[in-house]
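What the coordinates show
The lines below spell out each chain.
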Amino acid sequence: MRFPESMRAIACLAAFAAGASFAAAEASRAEIAARLAQQLADVPATNFPLGAAAFDEELRARVEAGSAAAAPVLEAGKKVWERKFRNGRSLAACFPNGGRRVAATYPQYDPRLKRVITLEMAVNQCLKTHKEPLLEHGDPQGMGSVTAYVRSLANGQKVAVRVPAAADERFEQGKRLYFTRRGQRNFACASCHLQGAGKRYLDTPLSPAIGQATHFPVIRGGVALTLHGRMRQCLELMGAAPFAAGSEELNDLEFFLTYLSNGLRVLPAPWRPG
Amino acid sequence: MRFFRSALAALAADIALAASAQAPSPPEAFLRADKGHCIACHQLPQGHGPVSRADLGTKLEGTRMRAIGREGLRQAIADPPRVNADTLMPPFGRHRILESWEIETLVDYLHALP
């Protein structure tokens, strides 16, 4: 009988550790949510997924008017998603429910690999398993359109990213990256998207940290710009050498950033100017 | 009559010169994205440069600029985190985004704003 008791103790410890980790991630999210609620008292958090358009009626109208631009991108993504591999399988067959309602749960922590797995990585894992050519992580035409399509299958689902105890370090690393000033301009992600959220840089309001991960990839210039692609653009604007799309740094950053949007609805493939 | 006309023209030229002296155009470093790009965050007084809705930084008003003073402006551009650790403004001098002479041009320009 001693064995089950010790097992119970281990299970209790594991549950406690998981709870502690969840609590830490949730405390970070709550702190940021409270700060944004105070700073942006006129804008309800449910509008944060609109990004810059949440602060600019004219931009919001343009985004709505531009929504048709997503159709050809999603159509191209659907073709890749449903295309039969040489072995008869497909990307759709690699995911539960053919990919419906799964995108809202990414990124996920893989305890076996001890890594954060983004939707893009999951797509490439499937391709690799079936000996198909991989898609370039930051490529708007291939990876961008296919992930835009999969996220459209989760339209309106609430973002539900889990941070288990083992993923605590990855979450904290993502948070550190978000708050670390870098580059010639000495900006952190948080400089613009927390401290400056809702204020205008040039003519465009800066989107708040919460809500950003709900709407990527966005449709810009007729192609699907992934979250990693956008982060790389930001890093360049900061005068920093951008981390590679699919790098551990950007994966951790995405993990942290997407957790912040937990509970908000996925808003797939919105149009963006420029 | 000819004398009157040329006096009037000279007066008009003087007025134009005075106006342009009061409101010089923004220097390149103020506008260029790879330099100060001040216009990305700050607004100029109405009618004295490009119109912008940017408000990440404070409005640039001559009275406040002169209250800060030339040395204060120089420091605020060259290494703003030294003055305020929470500032969003890049350390233009310390990170060599701007040369000393470009900072001086900006100090002169800001100091002369209406």
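Cut-off values and rules
Residues numbered from 1 in each chain as written. Chains lettered and ligands numbered in written order. Predicted model: local features only at pLDDT ≥ 70, side-chain atom pairs only at ≥ 80, totals over all residues. Helix = DSSP H or I, 4+ residues; strand = E, 2+ residues; numbered from the N terminus. Buried ≥ 20, exposed ≤ 12 C-beta atoms within 10 Å, placed from the backbone. Rg over C-alpha atoms; globule rule 2.2 N^0.38 Å. Contact = placed C-beta atoms within 7 Å. Axes fitted to C-alpha atoms, helices over the stretch in contact; angles between N-to-C directions. Parallel < 35°, antiparallel > 145°, perpendicular 65-115°, else oblique. Nonpolar A, V, L, I, M, F, W, Y, C, P; charged D, E, K, R; others polar. pLDDT = per-residue confidence, 0-100. Left-handed = near helix turned anticlockwise from the far one by under 90°. Pairing = 2+ DSSP bridges. Core = buried A, V, L, I, M, F, W, Y, C linked by C-beta atoms within 7 Å.

Some remarks on the overall build of chain B
- In terms of regular secondary structure, chain B is built from five helices and zero strands.
- Each helix and strand of chain B, placed in order from N terminus to C terminus, yields the pattern α-α-α-α-α.
- A buried classification covers 27% of the 114 residues belonging to chain B.

Observations concerning the overall build of chain A
- What chain A contains, in helices and strands, is ten helices and seven strands.
- Computed over its C-alpha atoms, the radius of gyration of chain A comes to 19 Å, within 12% of the 19 Å expected for a compact globule of 274 residues.
- In terms of overall dimensions, chain A has C-alpha extents of about 70 × 50 × 35 Å along its principal axes.
- Here chain A, with 274 residues, has 42% of them falling under the buried criterion.
- When contacts within chain A are restricted to residue pairs at least 6 apart in sequence, long-range pairs at least 24 apart make up 71% of them.

Focus on unusual backbone geometry
All names here are of chain A.
- A cis amide bond, omega 0°, links Tyr 106 with the succeeding residue Pro 107.
- Its location among the elements puts Pro 107 in the loop between α4 (91–94) and β1 (108–110).
- Residue Pro 217 is reached from Phe 216 by a cis peptide bond, and omega for that bond is 0°.
- Position of Pro 217 relative to the elements: it lies in the loop between β4 (204–205) and β5 (218–220).
- Positive phi, normally seen in glycine, also occurs at Arg 101, with a value near 65°.
- Its location among the elements puts Arg 101 in the loop between α4 and β1.
- The class of Arg 101 is partly exposed, set by 17 C-beta atoms lying within 10 Å.

Some points on the packing of helix α7 (residues 168–179) of chain A against helix α10 (residues 248–260) of chain A
Residue and element names in this part refer to chain A.
- The interhelical angle for the contact between α7 and α10, taken along N-to-C directions, is 95°, at an axis separation of 7 Å. What the angle tells us is that α7 and α10 run roughly perpendicular. Counted together, Arg 170, Phe 171, Gln 173, Gly 174, Lys 175, Leu 177 and Tyr 178 of α7 and Glu 249, Asp 252, Leu 253, Phe 255, Phe 256, Leu 257 and Tyr 259 of α10 form the full contact between these two elements.

Examining the interface of chain B and chain A
- In this complex, chain B contributes twelve residues to the contact, which on the side of chain A involves eleven residues.
- Its residues assigned to classes, the side of chain B that touches chain A shows nine nonpolar, one polar and two charged.

Section: the confidence of the model for chain B
Residues and elements named next belong to chain B.
- On average, residues of chain B carry a pLDDT of 86, and 80% of them reach 70 or more.
- Confidence, read as mean pLDDT per element, is least for helix α1 (residues 2–22) in chain B (46) and greatest for helix α5 (residues 100–111) (98).
- Across residues 7–21 the pLDDT falls below 50, and counting only partners more than four positions away or on other chains, this stretch makes zero contacts in the model.
- Two summary scores accompany this predicted model of the complex, namely pTM at 0.88 and ipTM at 0.84.

Things to note about the environment of Pro 114 of chain B
Residue and element names in this part refer to chain B.
- Assignment of secondary structure puts Pro 114 in the segment after α5.
- Look at Pro 114 and you get partly exposed, because 13 C-beta atoms sit within 10 Å.
- Between the C-alpha atom of Pro 114 and that of Cys 41, which follows or precedes it by 73 residues, the distance is 19 Å.

Details of the packing of helix α3 (residues 62–78) of chain B against α5 of chain B
All names here are of chain B.
- One can describe the packing of α3 onto α5 by two numbers: an axis separation of 9 Å at closest approach and a directional angle of 155°. For the element pair α3 / α5, the angle class is roughly antiparallel. The way α3 lies across α5 gives a crossing that is right-handed. Between α3 and α5, the residues in contact are Met 65, Arg 66, Arg 70, Leu 73, Arg 74, Ile 77 and Ala 78 and Ile 103, Leu 106, Val 107, Leu 110 and His 111, respectively.
- Looking at side-chain class alone, the contact of α3 with α5 contains eight nonpolar, one polar and three charged residues.

A closer look at the confidence of the model for chain A
- Considering every residue of chain A, the mean pLDDT works out to 93; 92% of them sit at 70 or more.
- Taken as a whole, residues 12–17 of chain A scores under 50 in pLDDT and shows one contact with residues more than four places along the chain or in a different chain.

What about the sheet that holds β5 of chain A?
Residues and elements named next belong to chain A.
- In spatial order, the strands read β6-β5-β7; together these three strands make up an open sheet with mixed pairing. The open sheet terminates on both sides in strands that have one partner only, identified here as β6 (223–225) and β7 (271–272).
- Pairing between β5 and β6: three bridges, direction antiparallel. Within the sheet, the bridge partner assigned to Arg 220 lies in β6 and is Val 223.

Focus: the nonpolar core
- With 69 residues, the main nonpolar core has Val 73, Ala 103, Val 146, Phe 256 and Tyr 259 of chain A as its most contacted residues.
- Among the elements that make up this core, the one with the highest residue count is α10 of chain A (seven residues).
- Look past the residues within four positions of Ala 103 of chain A in its chain and what remains in contact with it is Leu 119, Val 150, Arg 151, Leu 153, Ala 154 and Val 266 of chain A.
- Membership of the second largest hydrophobic core comes to 20 residues, among which are Phe 30, Ala 76, Ile 97 and Tyr 109 of chain B.

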